[in-house]
Amino acid sequence: MAKRNIRCMFLIMLTVILASGVLHGCGKKDGGEKEKGTLKGRYVEENIDLPIKEGERAINLSKSKDGNPVVYIAVKDAQIRRCEYIKGKWEESDLDWVEKTCGKKMAYPLGVTETKDGTQLVVGAGDGMKTYIARSKDGKSGEILKVPYLEKKAEYGYPTIVALAVDDGGNYWLQDIYQSKIIVVSPDTFETVEELTSMSSSSDAQKMIFTGDDGTIAANTEDGIFTIYDKDRKELGKLSFTQTENGHLCGGKESWYMVSEEGIVRMKPGDESREVIMDGAMGAMGSPVNSAIGTIQGKDTEFFVLYKQWKAETYSFARYVYNKDIAAVPEHTLQVFGLSESDTVRQAAIGFQQKNPEVKVEVKTSGKEAGEVSSDDIRTLNTELLSGKGADILLLNGLPAEAYIEKGVLCDLTKLAGGLMKKDDYLENMMDNTLKRDKKVYGIPVKFSVPVVYGDEQIQKALDSLDSLEEYLDKNPDAALFGVTNKGYIRDFLFQMYQEELMKTDGSVDKAKMEKLLTLAVNIAKNSKTEFYEEMEPAESLQDTLFSNPGSMYLMKHTDMAATERIECLMNMMIPCEIARTKGLTLKSLKGFYLPEGTVGINKNTKEKKIAEEFVKYLFSEEVQGAQLDDGFPVLISALDAKEKEAGSKYAESYSVCVGGELAGEDISIDAGFPKVEEVKEFIGLCKTLDRPVNQDRAVWDIYRSEADKVLGGSVGTAEGAENIRKKVELYLAE
């Protein structure tokens with residue numbers, strides 16, 4: 001569980017599941033008009049500067065009685081400023097009555113609601129996480145509402161209200177996050193007039209109630225369903241939707257609109273159909289760094305959305321308006337393909353489109369997690385590429401990049417990479433060496449992750465090679481090298497560590513060394529209490545461990561082992577740094593390895609080569625490299641160095657994690673916060689020394705994993721397993 005004080009209670013960790021929607025042509029009002037054979041009209045995004053100063057916090061977005069967007073800003077938490085956007089300018093005023101009315105009781109305002117008659121309602125948290133609601137009918141004087149429901153303690157303490165809506169009868173609808181309830185309160189007596197069950201929120205930012213422009217209320221009462229209620233709580237219809245953690249509703253009457261990473265989606269009560277009137281991939285709502293925290297429908301068909309960038313602790317504001325004169329579909333389409341998702345590439349696609357409105361960037365994947373991609377998936381892709389088709393840009397991680405070079409599929413990026421490095425300082429070892437043949441660069445990693453090791457020094461030395469590992473186990477046959485772990489970790493770790501020894505220069509398998517590796521894997525598994533993980537439910541086991549030992553915390557009680565972790569972001573460092581700090585250990589590199597993330601290459605058969613090159617350059621810009629995402633570390637040195645600042649941010653200070661439980665019969669718990677600035681500085685120094693890329697051909701890896709599982713399961717011997725791998729890899733290479 002995360003430990004947080006009042007100020008930090010409402011800092012939410014958001015997991016954004018990106019959806020690649022389709023931009024639809026619509027009717028004349030929300031759709032397009034044909035002009036000279038070209039379909040015209042689509043929604044476009046306009047950025048609006050916010051009047052937020054450093055240290056201030058945007059609370060939420062509302063609408064004035066005149067239909068203008070109003071952003072409420074917390075100044076030193078208890079003070080609130082009202083900012084109304086009128087004809088392109090912000091008009092500001094202070095809600096002085098809040099501080100006069102509440103004093104120190106309301107330490108952290110959470111939301112402000114403004115009704116059509118001008119009444120202002122403020123919801124906030126105070127000492128003991130108690131919720132307070134304050135009201136002013138004239139904007140000058142106020143009162144704290146004595147709501148009996150807020151005084152009743154339950155299992156989780158006092159009710160925690162994170163959203164308030166007002167229907168056209170004046171009733172107050174309160175979202176109680178921990179009890180998964182929606183409470184309807186009389187505005188006169190403050191007594192509860194009805195309790196409704198809502199869906200459980202996955203975070204404080206997930207709103208379950210919204211007020212329509214017609215005064216109706218949309219409440220998330222069932223999974224995938226918003227129920228529309230009138231002031232008497234009579235059901236008027238239902239909206240079917242795909243739930244997202246940060247979807248926000250606005251509208252009312254016949255049409256409601258949800259703004260989420262999918263885009264702007266129009267829905268009608270009682271109608272199962274959904275119309276995407278703006279694709280999320282074309283706007284800020286689709287960005288993995290953005291979370292919508294407020295949405296309103298403005299005049300006519302315009303929309304306003306308030307976004308927060310949680311890690312950066314910044315805000316942005318956008319207007320979406322239908323432009324009938326712009327092409328419904330951009331003139332150029334750039335296709336990007338990778339086996340699995342990349343938040344950085346998604347972020348870059350949105351930014352690139354904003355700068356180049358004539359280009360649509362389509363990012364597509366296999367639709368599978370990294371560990372689920374099979375050799376059949378890659379064979380299908382290979383057939384497409386070798387026939388002169390395929391995406392314009394390829395994310396080469398897991399693909400047979402060497403074969404693509406040999407077959408002439410990839411463009412030479414030597415000049416492009418050289419131009420980037422002349423302009424800015426990058427990690428040259430990674431930019432220049434990740435995918436290079438005959439002094440030519442064919443792929444460049446956008447990000448990277450780092451496998452680290454800590455623990456017993458003798459075991460660390462033994463991991464240097466297959467021979468040294470075999471020698472160590474001969475001398476220490478009962479050694480539990482990795483403490484308690486699962487067979488999947490042992491299988492993957494050994495292959496990745498010794499891939500260069502196992503594979504010949506032509507890509508085929510050295511059978512003798514493969515047999516040695518499988519024998520070592522079986523022996524290591526015998527001492528690793530793998531049955532502990534085998535008894536767990538499949539959902540609790542790791543599908544793709546890749547250098548991350550699920551039992552590393554065992555080192556807290558047993559120092560005669562080595563722990564490893566794959567570090568993709570500072571949060572990945574929390575547990576390893578806490579263990580290392582407690583036991584007086586140091587995080588070290590594994591053989592100078594780094595894992596390239598989002599290694600980008602250009603398809604030689606692309607018809608959009610110039611645009612593709614510009615997109616690749618944009619991937620390495622400060623704007624993209626500096627985005628605070630957790631899918632790897634930037635190769636741009638200035639952005640990498642900025643990780644020190646992230647470690648010292650308020651976001652980092654507020655976030656902690658406690659993990660623990662029974663591990664193979666022993667109770668182990670760890671309470672960890674973000675790594676310290678000095679630890680991050682030392683890690684950054686380590687990153688700058690890494691020079692050995694860990695590249696994978698997912699098809700070869702898939703073959704190895706399938707056969708290695710049979711050996712570890714005892715159904716096949718090591719010699720037979722090695723021979724099976726050799727034959728299948730040779731067959732794959734022959735194809």
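Residues numbered from 1 in each chain as written. Predicted model: local features only at pLDDT ≥ 70, side-chain atom pairs only at ≥ 80, totals over all residues. Heavy atoms only, no water.

A word on the confidence of the model for the chain
When pLDDT drops low, the exact placement of atoms in the prediction is not to be read closely.
Part 1: The predicted model of the chain has a mean per-residue pLDDT of 89, with 92% of residues at 70 or higher.
Part 2: pLDDT under 50 marks residues 1-37. Its contacts with residues more than four places away, or in other chains, come to 103 contacts.
Part 3: Within the model, pLDDT remains below 50 along residues 538-543, and this stretch shows 6 contacts once partners closer than five positions in the same chain are excluded. (pLDDT = per-residue confidence, 0-100. Contact = heavy atoms within 4.5 Å.)

Thoughts on the sheet that holds strand β15 (residues 209-211)
Part 1: Overall, antiparallel pairing links the 4 strands, which are arranged β15-β16-β17-β18 in an open sheet. The sheet is open, and its two edges are formed by β15 and β18 (235-240), each paired on a single side. Taking the axes of each pair of neighbouring strands and ignoring which way they run, one obtains an average angle of 30 degrees across the sheet.
Part 2: Here 5 bridges tie strand β17 (residues 225-229) to β18, and the two strands are oriented antiparallel to one another. Its bridge partner being in β18, Y229 is matched across the sheet by E235. (Pairing = 2+ DSSP bridges. Helix = DSSP H or I, 4+ residues; strand = E, 2+ residues; numbered from the N terminus. Axes fitted to C-alpha atoms, helices over the stretch in contact; angles between N-to-C directions.)

What to know about the pairing of strand β8 (residues 120-125)
Part 1: For β8, the buried fraction is high: 6 of the 6 residues fall into the buried class.
Part 2: The alternating pattern of β8 places Q120, V122 and G124 and L121, V123 and A125 on opposite faces, both of which are buried.
Part 3: One ladder, built from 6 bridges, connects strand β7 (residues 108-114) with β8; its direction is antiparallel. Within β8, the position partnered with P109 by the bridge is G124.
Part 4: Remark: 5 residues form the turn of the hairpin made by β7 and β8, two consecutive strands paired antiparallel; G118 in that turn has positive phi of roughly 95 degrees.
Part 5: Counting the residues that bridge the hairpin from β8 to strand β9 (residues 131-136) gives 5 residues, and of these G128 lies at a positive phi of roughly 70 degrees. (Buried < 20%, exposed > 50% of the residue type's maximum accessible area, 1.4 Å probe, protein only.)

What about the pairing of strand β24 (residues 303-309)?
Two faces, one strand: in a regular strand the side chains alternate between the faces of the sheet.
Part 1: β24 sits mainly inside the fold: 7 of its 7 residues count as buried.
Part 2: Alternating positions in β24 separate into two faces, F303, V305, Y307 and Q309 on one and F304, L306 and K308 on the other, with burial throughout.
Part 3: Between strand β23 (residues 291-297) and β24, which pair antiparallel and follow one another directly, the connecting turn spans 5 residues, one of which, D300, has a positive phi of 55 degrees.
Part 4: Sheet topology note: the β24/strand β25 (residues 314-327) ladder contains 7 bridges and is antiparallel. Each residue of the ladder has a partner; that of V305, found in β25, is A318.
Part 5: Between β24 and β25, which pair antiparallel and follow one another directly, the connecting turn spans 4 residues, one of which, E313, has a positive phi of 55 degrees.

Notes on the pattern of salt bridges
Part 1: Overall, the coordinates contain 47 salt bridges when judged by the stated rule.
Part 2: Between R581 and E578 there is a salt bridge whose closest N-O contact spans 2.8 Å. Note that R581 and E578 are positioned in helix α13 (residues 574-583) at a spacing of 3 residues, about one turn of the helix.
Part 3: Its relative accessible area of 33% is what places R581 among the partly exposed residues.
Part 4: Two residues, E730 and R726, come together in a salt bridge whose shortest N-O distance is 3.0 Å. With E730 and R726 both in helix α21 (residues 718-734) and 4 residues apart, the pair spans about one turn of that helix.
Part 5: What makes R726 partly exposed here is its relative accessible area of 21%.
Part 6: Each of K511, E723, R726, K727 and E730 takes part in salt bridges that share partners, so that together they form one network. (Salt bridge = Lys/Arg side-chain N within 4 Å of Asp/Glu carboxyl O.)

Some remarks on the environment of P445
Part 1: Considering the arrangement of structural elements, one finds P445 in strand β30 (residues 440-455).
Part 2: The exposure class assigned to P445 is buried, which follows from its relative accessible area of 0%.

With respect to the packing of helix α8 (residues 466-475) against helix α11 (residues 511-526)
Part 1: Close contact between α8 and α11 brings their axes to 11 Å; oriented N to C, the two are set at 40 degrees. In this view, α8 runs oblique relative to α11, as classed from their interaxial angle. The crossing of α8 and α11 is left-handed. In this structure, α8 contributes L466, D467, L469, E470 and L473 to the contact, and α11 contributes K513, K516, L517, L520 and I524.
Part 2: Looking at the contact of α8 with α11 residue by residue, the class counts come to 6 nonpolar, no polar and 4 charged. (Parallel < 35°, antiparallel > 145°, perpendicular 65-115°, else oblique. Left-handed = near helix turned anticlockwise from the far one by under 90°. Nonpolar A, V, L, I, M, F, W, Y, C, P; charged D, E, K, R; others polar.)

Observations regarding unusual backbone geometry
Part 1: The phi dihedral of F547 is positive, around 80 degrees, even though this residue is not glycine.
Part 2: Residue placement: F547 occurs in the loop between α12 (531-534) and β31 (562-567).
Part 3: For F547, a relative accessible area of 1% gives the class buried.

Regarding helix α2 (residues 343-355)
Part 1: The terminal C-alpha atoms of α2, which comprises 13 residues, lie 19 Å apart, in line with the 18 Å expected from a rise of 1.5 Å per residue.
Part 2: Within α2, 10 of the 13 residues are buried, which leaves the element mostly enclosed by the surrounding structure.
Part 3: Turning to α2, its buried residues are T344, V345, R346, Q347, A348, A349, I350, G351, F352 and Q353.
Part 4: Looking at the packing, one finds that the buried side of α2 touches β26 (332-338), β27 (359-365), β28 (393-395), β30, α14 (609-619) and α15 (622-625). (Expected span 1.5 Å × (residues − 1).)

Details of the nonpolar core
Part 1: Membership of the largest hydrophobic core comes to 75 residues, with the highest contact counts inside it found for I444, F448, V600, F615, F620 and F683.
Part 2: The biggest single contributor to this core is β30, with 7 residues.
Part 3: The contact partners of F448, leaving out residues within four places of it in the chain, are L427, M430, Y594, L595, E597, G632, F633, P634, V635, L640 and C687.
Part 4: Formed by 64 residues, the second largest nonpolar core is a distinct cluster that contains I405, L590, F593 and A699. (Core = buried A, V, L, I, M, F, W, Y, C linked by side-chain atoms within 4.5 Å.)

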